[in-house]
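Coordinates in review
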Amino acid sequence: GVDGPLAGKKVVITAGPTFEPLDPVRGLTNRSSGKQGYAIAQKLAREGADVTLISGPVSLPTPIGVTRIDVETAQEMFDAVHAQLPCDVFVGVAAVADWRAKDIAAEKQKKTADNELSVTFVKNPDILESVSKHLDLRPRLVIGFAAETQKLEDYAHAKLASKGCDAIVANNVSEGVFGSAHNQATLVDLDGFTPIAGMTKADIADFLSAYIQKRIA
Ligand code: C5P
């Protein structure tokens, strides 16, 4: 809405998995539900931000007041994000596939007599890094997520530097986080680590909303 602490701020959020086709009926995806990104979109819209949610394939309703753009592949997500720049804040929550098939078969692939199948994958662009390192249109605040099963803080700290973003929400995905209402996270920025463990995805959205308000005030 027009009222609220984030009124007049344009926020772009990615959420959900990507789907990388192999042929017309098959593809590579992951277990991201989109719930965390959608919770953040909903919270920031309630705080008055102009929110555009760029979503991979999920089965979630669009939060009220949020503009949603549906995409399938990482390349489509990249293009949709860049078409939204400039913005004030970018939050990359999507579980973007690192790889896509080098060649997408035009027809459904038939089973063969072989017991092995090789597929060549090529690297997808890193959306978060491309926004963080944008020469002309870098948002004032760029936030990424890092799902890790080990060395959570080490990896998140390294990721902050390599991706060039302002903060990373490091997610512990070692047990029962995907698809559940719960999450476990630590925010890493240049000031250090702020643990937010044991909170729900809605609580993490509330925490991030307060953080964004503080950072762009
Ligand atoms: O490197 P890693 O995939 O662990 O980084 C996760 C963060 O980077 C998330 O914020 C995710 O949305 C973002 N990302 C991206 N584009 C990619 C890969 C990851 O925006 N191709």
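Above: the structure in question.
Here's what I pulled together on the structure shown here. (Residues numbered from 1 in each chain as written. Predicted model: local features only at pLDDT ≥ 70, side-chain atom pairs only at ≥ 80, totals over all residues. Heavy atoms only, no water.)

1. Some words on the pairing of strand β4 (residues 50-55)
For a regular strand, the rule is simple: side chains alternate between the two faces of the sheet. Within β4, five of the six residues are buried, which leaves the element mostly enclosed by the surrounding structure. Sheet topology note: the β4/strand β5 (residues 67-70) ladder contains four bridges and is parallel. Each residue of the ladder has a partner; that of S55, found in β5, is D70. (Buried < 20%, exposed > 50% of the residue type's maximum accessible area, 1.4 Å probe, protein only. Helix = DSSP H or I, 4+ residues; strand = E, 2+ residues; numbered from the N terminus. Pairing = 2+ DSSP bridges.)

2. Regarding unusual backbone geometry
Each neighbour pair has its own omega, and for L85 with P86 the value is 5°, a cis peptide bond. Its location among the elements puts P86 in the loop between α2 (74-84) and β6 (89-92). A positive phi angle is found at K151, which is not glycine, with a value near 45°. Looking at where K151 falls in the secondary structure, it is placed in the loop between β9 (141-148) and α4 (152-163).

3. Remarks on the sheet that holds strand β10 (residues 167-172)
If you trace the eight strands from one edge of the open sheet to the other, you get β5-β4-β1-β6-β9-β10-β11-β12, paired in mixed fashion. The strands lining the two open edges of the sheet, one partner per strand, are β5 and β12 (192-196). Looking at each pair of strands side by side, their axes are set apart by 15° on average, direction ignored. Bridge count for strand β1 (residues 10-15) against β4 is six bridges, and the pairing is parallel. Its bridge partner lying in β4, V11 is registered against V51. Against the sheet, α2 contacts β1, β4, β5 and β6, and its axis sits at roughly 165° relative to β4. (Axes fitted to C-alpha atoms, helices over the stretch in contact; angles between N-to-C directions. Contact = heavy atoms within 4.5 Å.)

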